[in-house]
Structure formats: C-alpha cells, structure tokens
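Examining the three-dimensional arrangement
For reference, the chains in residue letters:
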There are 2 protein chains.
Amino acid sequence: MEDYAVYEARAEVVKALAHPSRIIFVEALAEGERCVCELQELVDATMPTVSRHLAQMKNAGIVTGRREGNQGYYRLLVPCIMELFHCIDAVRRDAAERMAESVET
Amino acid sequence: MEDYAVYEARAEVVKALAHPSRIIFVEALAEGERCVCELQELVDATMPTVSRHLAQMKNAGIVTGRREGNQGYYRLLVPCIMELFHCIDAVRRDAAERMAESVET
DNA sequence: TGCTATTTTAGCTAAATAGCTAATAATGTC
DNA sequence: GACATTATTAGCTATTTAGCTAAAATAGCA
C-alpha cells in the first residue's frame, strides 16, 4: 500500500501486453526490427489501430520506434518478455491438465 | 492469424495480471498460501471487489482456491510469474534510463 | 509546388473493466 | 433453529479501452 505507484507502473507495462494483437507484435519483434506495414499484415486491424497499439507499447517502454524514409520501424526493447510467454503457455498447459483431471475425478 | 485463439488465450492470462491489486496478490501468494481476508488487507478495496479479482485470476489459471472452515484460501499455481515482474522492473529501469539520456542529449 | 505513400492524431461510438451496495451461499457456534 | 462470520454472486454505474473514419503530419519524388 505504501509504494502503490510501483504496482501501478508494473500494471501499465502488463496492460501494454494484454491484447492479442500486441502479443503478436511482440512475438514478431522478438525476431528483429519490423516496419509498421509488416506488423499490420500480421493482424486484422486498420493502420490507425495498429499505430495506436504500437504507441501504447512504446509508451510503456516495451518497444522503440524510428523513422526511415516515409515508413516507421519498431524494435523490441526487452527480449525477456518472450520468457513471459513461455511462462504463460506453461500456465495454460497446467490449467488444461487440471481440467482433464477434474473430468476424470 | 490462423491460430489466433492461442494469442487470445495468452492475452487472457496477461489481462488477469493487468491490475495493481492483482499484482499485489501475486506477490503475496508467491510467498505462500493466503486467505482472502489477508489479501484484502493488502489493498484498498471491498471484499466483493477482492473476491472478483481472485475469481478472474482463478479463471485464468494463475491461482487456485480452497475452502477451510468459513474462510477461503488461495495459492499461486505458477511461480514463474514472479520472473515476469523482475523482467517488467527491468523494462521500467531501462525506460527511466532512456528518459535521463534524452534529457542530457 | 503538387501528388503519392506511409504513419500518426483527433473525434467519436461500442464494448469491456472495475468498483460499489445489496443479496445470497457456506460454515461455524450458541 | 437462530445468528454471526466469511466469501461469492447479482445488478448497477462510471471509467477505460478498442475500434473505426476522417484529418493531419511526414517524407519522397515528378
């Protein structure tokens, strides 16, 4: 309760990952820099929507953007975020196992 | 785009962590099982609100709950989630450094 | 300058999330 | 059974988030 700001800050970063499209972007950016147009092709959304997602991720400090010519490029600032997804996939597998068990029981 | 469901599922788990109170609960539960009343004391919210947060986390497969007497106990199912917070704190430190640099420059 | 391509911002609406109070369950005790 | 305690669920309102279209930047090129 005392340094609640720390938890709010953490939540901001987590929120910046809490959307299917943004997770897809992180996964793509983990392999290297991508331009906005490439990222758009990965999801079913308009360019403005993609741009806003990227802005949110940038604001949270997850990615950084640069401009080259008339197109924008983004790259992942924190590769360790990929480990999170491995962890999450483990969570999901565990949940699936518990479901299976409870059916048996 | 083809197995979009995987990304939606991941997003559900991430969303279940995307709130200051829920992050506080995860941190507390990382140290061991806690009853609902103990968790409530950690945050500024009513019992129903705490209960809903815990239900969401349970639904996402992050925690599991049991009843003993007339009080409920929860425990963390996936300790690796704590690594996420270390990663996030690193993200925040990096962001702070970049801020400092951009001021100098 | 005028035109095109790419990205971002503005302004709006619809949907999701978070919180409360009140009501209901579930247990334990007298 | 009556009552107290703890937790959950229901029903509601306020805030936040996500998406779109339209408009505005930004950069390249004729």
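Structure shown above.
Quick summary incoming for the structure in this document.

Moving on to the protein's contact with DNA strand D. Inspection of the region around DNA strand D gives 22 residues, with A:Thr46, A:Thr49, A:His53, B:Ser51 and B:Tyr74 positioned closest. Among all atoms of DNA strand D positioned within 4 Å of the protein, those belonging to sugar or phosphate total 75%. In this structure, B:Cys37 approaches DNA strand D through a main-chain N or O atom, which is 3.5 Å from a phosphate oxygen. At 3.4 Å from a sugar or linking oxygen of DNA strand D is found a main-chain nitrogen or oxygen belonging to B:Asn70. Contributions of two or more residues to the surface near DNA strand D are made by α4 (47–59) of chain A together with α3 (36–42), α4 (47–59) and β3 (71–76) of chain B. Here the surface near DNA strand D takes 5 residues from α4(A), the largest share from any one element.

Our focus in this paragraph is the sheet that holds strand β1 (residues 34–35) of chain B. Hydrogen bonding along the main chain pairs the strands of a sheet, whether they run parallel or antiparallel. Residue and element names in this part refer to chain B. Judged by pairing direction, the sheet is antiparallel, and its 3 strands sit side by side in the order β1-β3-β2 without closing on themselves. Either end of the sheet is taken by a strand with one partner, and the two such strands are β1 and β2 (63–68). The pairing of β1 with β3 spans 2 bridges and is antiparallel. Along β3, the bridge assignment pairs Cys35 with Tyr73. Along the sheet face, helix α2 (residues 20–29) touches β1, β2 and β3 and points at about 80° away from the line of β3.

So, about the interface of chain A and chain B. Each partner contributes residues to the interface: chain A has 38 residues there, and chain B has 38 residues. Of all residues in chain A, the largest losses of buried area upon contact with chain B belong to A:Tyr7, A:Arg10 and A:Val14, amounting jointly to 18% of the total for that side. At the surface where chain A touches chain B, the tally comes to 4 salt bridges. Residue A:Arg10 pairs with B:Glu27 through a salt bridge whose shortest N-O separation is 2.9 Å.

Turning our attention to the nonpolar core. If you look at the biggest cluster of nonpolar residues, it comprises 66 residues, and the most contacted ones within it are A:Ile62, A:Ile81, B:Ile62 and B:Ile81. In this structure, B:Ile62 is in contact with A:Val91, B:Val13, B:Ala16, B:Leu17, B:Met57, B:Arg75, B:Leu76, B:Leu77, B:Val78 and B:Ile81, ignoring residues within four places of it in sequence.

Enumeration over the complete set of coordinates arrives at 4 disulfides over all chains. Between the sulfur atoms of A:Cys87 and its disulfide mate B:Cys80 the distance is 2.1 Å. Its S-S torsion of approximately 80° makes the covalent link between A:Cys87 and B:Cys80 right-handed. Residue A:Cys87 is located in helix α5 (residues 81–104), and its partner B:Cys80 is located in the loop between β3 and α5 (81–104); the two belong to separate chains.

By the criterion of burial, helix α2 (residues 20–29) of chain A is predominantly enclosed, with 9 of the 10 residues buried. Along α2(A), the residues that are buried comprise A:Pro20, A:Ser21, A:Arg22, A:Ile23, A:Ile24, A:Phe25, A:Val26, A:Ala28 and A:Leu29.

The subject of this paragraph is the packing of α2(A) against helix α1 (residues 4–15) of chain B. Their axes nearest at 8 Å, the elements α2(A) and α1(B) cross at an angle of 105°. When the axes of α2(A) and α1(B) are compared, the pair comes out roughly perpendicular. Residue-level contacts link A:Pro20, A:Ser21, A:Ile23, A:Ile24 and A:Glu27 of α2(A) to B:Tyr4, B:Tyr7, B:Glu8, B:Arg10, B:Ala11 and B:Val14 of α1(B). Looking at the contact of α2(A) with α1(B) residue by residue, the class counts come to 7 nonpolar, 1 polar and 3 charged.

The rules behind each value
All chains use their own residue numbering, which begins from 1 and follows the written sequence. Here chains are named by letter from A upward and ligands by number from 1 upward, in the order in which they appear as written. Given that this is a predicted model, residues contribute local features only at a pLDDT of at least 70 and side-chain atom pairs are listed and counted only at 80 or more, while totals for whole chains, interfaces and linings are drawn from all residues. With hydrogens and water set aside, each side-chain value is computed from the structure's full complement of heavy atoms. Near, as used in this document, describes a residue that has one of its heavy atoms within 4 Å of the molecule or strand being considered. What qualifies as a polar contact is a pair of N or O atoms within 3.5 Å, subject to a donor-acceptor requirement within protein and to the restriction that residues adjacent in sequence count only when both atoms come from side chains. By the criteria applied, helices consist of DSSP H or I runs no shorter than four residues and strands consist of E runs no shorter than two, each listed in order from the N terminus. We treat two strands as partners when DSSP finds at least two bridges between them. By definition in these notes, contact holds between two residues if any of their heavy atoms fall within 4.5 Å. Interaxial angle, 0 to 180 degrees, is taken between N-to-C directions of lines fitted to C-alpha atoms, where a helix line uses only the stretch in contact. Buried area is understood as the total, over both parts, of accessible area removed when two parts are fitted together, assessed with a 1.4 Å probe. What counts as a salt bridge is simple: a side-chain nitrogen of Lys or Arg found within 4 Å of a carboxyl oxygen of Asp or Glu. In plain words, nonpolar cores are sets of buried Ala, Val, Leu, Ile, Met, Phe, Trp, Tyr and Cys residues tied together by side-chain atoms within 4.5 Å. Accessible area is worked out with a 1.4 Å probe on protein chains only. A residue is then buried under 20% of its type maximum, exposed over 50%, and partly exposed in between. Any cysteine sulfur atom paired with another within 2.5 Å is treated as part of a disulfide. Note on terminology: angles under 35 degrees are roughly parallel, angles over 145 are roughly antiparallel, angles of 65 to 115 are roughly perpendicular, and the others are oblique. Each residue receives one of three labels: charged for Asp, Glu, Lys and Arg, nonpolar for Ala, Val, Leu, Ile, Met, Phe, Trp, Tyr, Cys and Pro, and polar for the others, Gly being one of them.

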